[in-house]
Amino acid sequence: MNGLDVVAVGALILLGVILVVLLMQALKVREIWQMMLMSKEEIQGEGSCAIENKELRSALRAEKAHVEQLQGKVVLLMALVPAA
């Protein structure tokens with residue numbers, strides 16, 4: 001083996017090491033990507049819950065306003081009914 005063969009073998013070994021490192025990094029990036037997607041889904045799920053909670057609060061306020069309106073009508077009707 002002459003000097004060029006040693007350099008070529010060394011370069012091939014170095015390329016193999018670089019390839020292994022790149023594969024490991026690709027796997028780590030894939031894991032991070034999966035975690036990001038899962039987090040995004042969780043955030044979207046929380047967003048839909050927040051929208052649902054907002055709608056429920058709005059419906060509750062409307063119901064309370066309706067109850068107050070009905071109670072006012074009852075008071076007026078009670079005033080119109082002569083006391084027995």
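See the structure shown above.
Residues numbered from 1 in each chain as written. Predicted model: local features only at pLDDT ≥ 70, side-chain atom pairs only at ≥ 80, totals over all residues. Heavy atoms only, no water.

Caption draft 1: Expanded view of the overall build of the chain. Counting its regular elements, the chain contains one helix and zero strands. In terms of C-alpha radius of gyration, the chain reaches 36 Å, well past the compact-globule figure of 12 Å for 84 residues. Over its C-alpha atoms, taken along the principal directions, the chain stretches across nearly 125 × 15 × 5 Å. Here the chain holds 84 residues, and 0% of them are scored as buried. For the chain, the computed accessible surface area is about 7900 Å², with 71% contributed by carbon and sulfur atoms. Where the 8 positive side-chain charges of the chain centre and where its 9 negative ones centre are 9 Å apart. (Helix = DSSP H or I, 4+ residues; strand = E, 2+ residues; numbered from the N terminus. Rg over C-alpha atoms; globule rule 2.2 N^0.38 Å. Buried < 20%, exposed > 50% of the residue type's maximum accessible area, 1.4 Å probe, protein only. Areas by Shrake-Rupley, 256 points an atom, 1.4 Å probe, with all protein chains shown as cover. Lys, Arg positive; Asp, Glu negative; His and termini not counted. Charge placed at Lys NZ, Arg CZ, Asp CG, Glu CD.)

Caption draft 2: Local environment of a nonpolar patch on the surface. A cluster of nonpolar side chains, namely Met1, Val6, Val9, Ile13, Val17 and Val21, defines an oily patch on the protein surface of about 570 Å² accessible area. Note that Ile13 resides in helix α1 (residues 3–80). Residue classification places Ile13 among the exposed residues on the basis of a relative accessible area of 52%. (Patch = residues over 30% accessible without salt bridge, like charges linked within 9 Å, V, L, I, M, F, W, Y side chains within 5 Å. Salt bridge = Lys/Arg side-chain N within 4 Å of Asp/Glu carboxyl O.)

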